[in-house]
Amino acid sequence: MENNESGIRVRRSLRELEDLYDSGTPAPLENLMLAWKGIKELPVNDPNSLFTIGGYHGEPFRDQGATDGNYWGGYCNHNNVLFPTWHRVYLYKIENALRSIKGCEEVTLPYWDETEHESLSKGMPWSLTREQVSIRGHMVDNPLRSYKFQIAINDNVNNDNSTYSKPAGTDTVRYPYSGLVGTPAAKAKSDKHNSQFSASQGTNLLNGNITGWLNKTVSLPDIDKRLQLGGVHVLYTLCLDAPNYTVFSNQKSAASWNMIPSKDPVVVALETPHNDIHLSVGGFNIPGPNNPDFSPIPGANGDMGENDTAAFDPVFFFHHCNVDRMFWIWQKKHDFTNHFQIIPGFPGTNSDDGGPSAGYPKNEPLTLDSPLKPFLNSATGTFYTTRECINIETQLGYVYTVGSLDLIHWMHGEELAAQEKLTTNKLRVANINRGNIFGSFVLTAYATVDGKEHYIGHHSVLSRWNVLGCENCRAHLKTEAYFNLDKINPDLSNFRIEIIGREEAQPLLNAAIADNSIVMEII
Ligand SMILES: [Cu+2]
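## Quick word on the coordination of the copper ion
Within the protein, the copper ion binds to His274 (NE2), His278 (NE2) and His320 (NE2); these donor distances fall in the range 1.9 to 2.1 Å. One chain supplies every donor to the copper ion, and in sequence these donors are spaced H-x3-H-x41-H. Separated by 46 residues along the polypeptide, His274 in helix H11 (residues 271-282) and His320 in helix H12 (residues 315-333) bring together distant segments of the chain. For the pair formed by His274 and His320, the shared burial category is buried.

Here it is in structure tokens:
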């Protein structure tokens, strides 16, 4: 049923399953929900349990990263060239786990099509937010809404003060709620914060925040429409133009590409809109003062907003499935469905760029043959590599239905080359030291035109709960952001940046801006 005639798994939009469910064919969505219920209930040491698989991404930390903030104790790769492929195999593993549940052998992982019309107008599919759902005639707690930690997660990283620990029985939460419960003081604060919202208010605020992030645009005619940055919809669209895998794959490489002197428009990495969705679901407000829906809720700290526990919230996998779909669309568009290269030595190709993650030594070059730990390929008995998951259909055996931003036919070769090339000045914001920043944050840029300040773009960084006191982070986790200026007067005094982070980090962020250590220049 979820496989096509040739036995290839077909991953559909979650809303396709909802439509079937609402029109008398409930089985595909019901089976998906039963599969999720199944992996959530498996013992924590079962390799197919959500606790085990969700835990590969971040907490519970292992190796040096369990206590040493110089390492990342999770296996996930971010801010480096393994980001798209590590997560590609990760999704494949959870899909197999879902299919291990009795009666769910045909289930495939659906994607949350984040840029189709209904998402843009309503936010998350209802099947991810409804409190209770009917499965085979019984009302049950919706398995896709959250996960209750079966055992405690203990944050033992130096300087974290256990704030990010989660006692057994804690539920994952999303915006506007807070899941910081690691200390009695943090728990008391979160309980008070969370009691402000009923469940339906919470869902409405969440969807309002998500649609704000999705639809954010620049309303400044001085910037050509095609050069305007903006929210998730704009950024997913623009990332499809990234010219090669290295810069498409991650923010570190894209930033280094953007730094090369040229009048080319800003290149957007796939990781960038991906970060935005994490922050919108996890607890960051839409950037920008002129957004009509701007409703700051300080203290929101959902799991999706930091890498530590993001992958325990089921929505993580529906989001990443869409990210993987966008990766495949980019591959089709650029004729990279069977091969692509990693530029040797380019920034973003070293294990230090993102962590290093669990199982990776410091200063190790990342290549098409780097192991994607801890995912074993049963055919070879060794860890999967990027080279083994380039073609989703021939190597992993799945395809996507045609969703938003996808086309049946993509222009190639001459047709593509004949397109008009755009040129622009860019604003570069650099020397933002993530070692001084507590958790994830959003940098927003504004330009003053005719006496009025306008949003011209933002840059989201998905991080870990705490990178303070991390020597390696100080050396390597410098963040940069770039913004297209087109016809805006490039006098630096016309621009202002703002960095919004966690409540606890805000004084440090304000200080960083005030002491002028952040570099701004026009290139
Ligand atoms: Cu992610």
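## Things to note about unusual backbone geometry
A cis amide bond links Tyr175 with the next residue in sequence, Pro176, at an omega value of 5 degrees. One can find Pro176 in the loop between strand E3 (138-141) and helix H6 (184-194). Cis geometry is found at the peptide bond from Lys373 to Pro374, where omega equals 5 degrees. Relative to the helices and strands, Pro374 is located in strand E4 (residues 371-377). One non-glycine residue, Asp486, adopts positive backbone phi at about 50 degrees. Mapped onto the fold, Asp486 is located in the loop between strand E10 (478-484) and strand E11 (495-501).

## Some thoughts on the side chain of Ser460
When you line up the elements, Ser460 lands in strand E9 (residues 452-461). Look at Ser460 and you get buried, because its relative accessible area is 0%. Polar side-chain contacts of Ser460 include one of 2.4 Å to the side chain of Asp276. For Ser460, the contacting residues outside a window of four places in its chain are Trp213, Gln251, Asn275, Asp276, Leu279, Phe441 and Val442.

## Description of the sheet that holds E11
Taken in spatial order, the three strands line up as E9-E8-E11 in an open sheet, and their pairing is antiparallel. Every other strand in the sheet has two partners, leaving E9 and E11 as the edge strands with one partner each. Between one strand axis and the next, the sheet turns by 20 degrees as a mean value, whatever way the strands run. Both strand E8 (residues 441-449) and E9 contribute to a ladder of nine bridges, which runs antiparallel. The residue bridging Thr448 from the neighbouring strand is Glu453, located in E9.

## Some details on the nonpolar core
Membership of the largest hydrophobic core comes to 139 residues, with the highest contact counts inside it found for Trp36, Phe317 and Ile456. A per-element tally of this core places H12 first, with eleven residues. Excluding its chain neighbours within four sequence positions, the residues that come into contact with Ile456 are Val218, Leu220, Ile223, Leu229, Leu427, Ala445, Tyr446, Ala447, Phe483, Leu485, Ile488 and Phe495.

What counts as what
Starting from 1, residues in each chain are numbered consecutively following that chain's sequence as written. Reporting of local features is limited, given that this is a predicted model, to residues whose pLDDT is at least 70; pairs of side-chain atoms are given and counted only at 80 or more, and all residues count toward the totals for whole chains, interfaces and linings. Derived side-chain values reflect all non-hydrogen atoms in the structure, with water molecules and hydrogen atoms excluded from consideration. Water is not among the atoms examined, so metal sites may look incomplete; donors are the N, O and S atoms within 2.8 Å of the metal, or within 3.2 Å for Na, K and Ca. Think of it this way: any DSSP run of H or I at least four residues long counts as a helix, any run of E at least two long counts as a strand, and we number them from the N terminus. Type-normalised accessible area, obtained with a 1.4 Å probe on protein chains alone, sets the label of each residue: buried when under 20%, exposed when over 50%, and partly exposed for intermediate values. Pairs of N or O atoms within 3.5 Å make up the polar contacts considered here, provided that, within protein, one atom can donate a hydrogen while the other can accept it, and that residues adjacent in sequence are counted only when both atoms are side-chain atoms. It only takes one pair of heavy atoms within 4.5 Å for two residues to be counted as in contact. When DSSP finds at least two bridges between two strands, those strands are taken to pair. Angular values range over 0 to 180 degrees, each being the angle between N-to-C directions of two axes fitted as lines to C-alpha atoms, with helices fitted over their stretch in contact. To qualify as a nonpolar core, a set must consist of buried Ala, Val, Leu, Ile, Met, Phe, Trp, Tyr and Cys residues joined through side-chain atoms within 4.5 Å.

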